[in-house]
Amino acid sequence: MQTEPLKAVSLAGYNISLPQIIGVPLMEIFYNIGIDLIEIRPEYPYIHALTGMLQEGGTFDSLSDANLKVAQVFRFYNESIAFYEMPAVTDPDGDGEQAKAIEAVIEKMLSLQPAETSRSILDGAVGEAIETVAREYGFYDSLDTCETYGELMDFACEKAFAGLEELCMAFETLLSCEAGLAKENIDQKELYRIAMLLFIVLVSLNNVRKLRLQVEADRPVPRTGRNDPCPCGSGKKYKKCCMRKNGE
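Below is a short write-up of the structure. Just so it is clear, the structure is predicted and the values come from calculations on it, not from any experiment. Position numbers for residues start from 1 in each chain and track the written sequence from start to end. Only residues with pLDDT of at least 70 are given local features in this predicted model, and only at 80 or more are side-chain atom pairs given and counted; all residues enter the totals for whole chains, interfaces and linings. Derived side-chain values reflect all non-hydrogen atoms in the structure, with water molecules and hydrogen atoms excluded from consideration.

**A word on the overall build of the protein chain**
Alright, step 1. Going along the chain from the N terminus, every DSSP run of H or I of four or more residues is numbered as a helix, and every run of E of two or more is numbered as a strand. Per the secondary structure count, the protein chain includes eleven helices and zero strands.
Alright, step 2. Walking the protein chain from its N terminus toward its C terminus, one meets helices and strands in the order α-α-α-α-α-α-α-α-α-α-α.
Alright, step 3. Using a 1.4 Å probe on the protein chains alone, a residue whose accessible area is under 20% of its type maximum counts as buried, one over 50% counts as exposed, and one in between counts as partly exposed. When burial is assessed residue by residue, the protein chain has 41% of its 248 residues classed as buried.
Alright, step 4. Looking at the protein chain alone, contacts between residues at least 24 apart form 64% of all its contacts between residues at least 6 apart.
Alright, step 5. A 1.4 Å probe and the Shrake-Rupley method give the accessible areas. Residues count as covered only by the protein chains that appear here. Total accessible area computed for the protein chain in this model is approximately 14200 Å², and 51% of it derives from carbon and sulfur atoms. Note on contacts: a residue pair is in contact if any heavy atoms of the two residues lie within 4.5 Å.

Spelled out as structure tokens, the structure:
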């Protein structure tokens, strides 16, 4: 059965239960799930971190209580992923219903806590997204060595993204969000704009990740030659190791 995306009406309930279970604000969990999707092969999926927080901080009255709380965490995680996979942001010919659903969820997220708390959550999420993209595309060290945003953008687009426009635009938007959140005075309207931009960027990067996975899956696996080093790592030639063992 396919998981339904998040709905604004369900967020209030999640906001009561999940922060009590895990000890993390709901909006922070939501954006961290989206950031986790950037990585092509996450070594430590965020759902593991969430269940780890639950085990460390949770007090359970019974096994059924524990199962209920684990189920709530997994349901929110899966509904969030389904929300990040909604095509509205990349489907201009849609009927607009999904776009309205997205806007309603983001607006509800922001209404669940004071503006300064939302700002702090968004600031942390944008910073984490920038670092995750840099790690994924191999230029994490350049975050410190590049002195300006312009220098960092030039390096990322030319060296890391190989000129791929969607990645360049997404990363530039993340840097723009970071600069916007650093301003001294920021109102609710600006917070909403940045929250929407961050969501759209994470959707875009998620789409790129899925395309990369598909390309890797379709790439033919090179055949090991008789005289090549054996892929098992024994140090022997293939013909004197696994080729012989497999009776080839």
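**Focus: the environment of Val-201**
Alright, step 1. With respect to the helices and strands, the residue Val-201 is situated in helix α10 (residues 188–218).
Alright, step 2. Under the relative-accessibility criterion, Val-201 is labelled buried at 5%.
Alright, step 3. Between the C-alpha atoms of Val-201 and Ile-35, which are 166 residues apart in sequence, the distance is 9.7 Å.
Alright, step 4. Leave out the neighbours within four places in its chain, and Val-201 touches Ala-170, Thr-173 and Leu-174.

**Focus on the pattern of salt bridges**
Alright, step 1. The working definition used for a salt bridge is a side-chain nitrogen of Lys or Arg within 4 Å of a carboxyl oxygen of Asp or Glu. Here the structure, examined in full by the defined rule, presents five salt bridges.
Alright, step 2. For Glu-128, the salt bridge goes to Arg-135, with nearest N and O atoms at 3.5 Å.
Alright, step 3. Look at Glu-128 and you get partly exposed, because its relative accessible area is 31%.
Alright, step 4. Given a relative accessible area of 40%, Arg-135 falls into the partly exposed group.

**Quick notes on the packing of helix α1 (residues 8–22) against helix α5 (residues 97–111)**
Alright, step 1. All axes here are fitted lines through C-alpha atoms, helices being fitted over the stretch that makes contact, and every angle between N-to-C directions spans 0 to 180 degrees. Interhelical geometry of α1 versus α5 gives an angle of 30° and a closest axis separation of 8 Å. One element, α1, and the other, α5, form an angle in the roughly parallel class. Judged by the twist between their axes, the crossing of α1 over α5 is right-handed. Facing α1, whose interface residues are Ala-8, Leu-11 and Ala-12, α5 presents Ala-104, Val-105, Lys-108 and Met-109.
Alright, step 2. Taken together, the residues that form the contact of α1 with α5 break down as six nonpolar, no polar and one charged. Each angle is binned into one of four classes, with values under 35 degrees roughly parallel, values over 145 roughly antiparallel, values of 65 to 115 roughly perpendicular, and all other values oblique. A clockwise turn of the near helix away from the far one marks a right-handed crossing, whereas an anticlockwise turn of less than a right angle marks a left-handed crossing. Note on residue categories: nonpolar means Ala, Val, Leu, Ile, Met, Phe, Trp, Tyr, Cys or Pro, charged means Asp, Glu, Lys or Arg, and polar means any other residue, Gly included.

**A word on the packing of helix α6 (residues 115–136) against helix α9 (residues 165–181)**
Each pair of packed helices gets described by two things: the angle between the helix axes and the distance between those axes.
Alright, step 1. Viewed as axis vectors pointing N to C, α6 and α9 meet at an angle of 150°, and their least axial separation amounts to 10 Å. Both α6 and α9 take part in a crossing whose hand is left-handed. Counting all contacts with α6, which are made through Arg-119, Leu-122, Asp-123, Val-126, Gly-127, Ala-129, Ile-130 and Val-133, the residues of α9 involved are Phe-171, Leu-174, Leu-175, Cys-177, Glu-178 and Leu-181.
Alright, step 2. Across the contact of α6 with α9, the residue classes break down as ten nonpolar, one polar and three charged.

**Observations regarding the packing of aromatic side chains**
Alright, step 1. Any pair of Phe, Tyr and Trp rings, taking the six-membered ring for Trp, is counted once the centres come within 6.5 Å. Such a pair is stacked with planes under 30 degrees apart, edge-to-face with planes over 60 apart, and tilted for the rest. According to the stated counting rule, one finds eleven aromatic pairs in the structure shown.
Alright, step 2. Seen in terms of ring centroids, Phe-30 and Tyr-31 are 5.2 Å apart; in terms of plane orientation they differ by 75°. Their pairing is edge-to-face. The same class applies to Phe-30 as to Tyr-31, namely buried.
Alright, step 3. Grouped by ring-pair contacts, the aromatic residues Phe-30, Tyr-31, Phe-83, Tyr-84 and Phe-199 constitute a single cluster.

**A short note on the nonpolar core**
Alright, step 1. Here, the term nonpolar core denotes a set of buried Ala, Val, Leu, Ile, Met, Phe, Trp, Tyr and Cys residues that are joined through side-chain atoms within 4.5 Å. Residues Phe-30, Tyr-31, Phe-76, Phe-161 and Phe-171 are the most contacted members of the largest nonpolar core, which totals 70 residues.
Alright, step 2. Considering every element that reaches this core, the biggest residue donor is α10, with eleven residues.
Alright, step 3. Not counting chain neighbours up to four residues away, the residues in contact with Phe-161 comprise Val-133, Tyr-137, Phe-139, Ala-156, Leu-167, Cys-168 and Phe-171.

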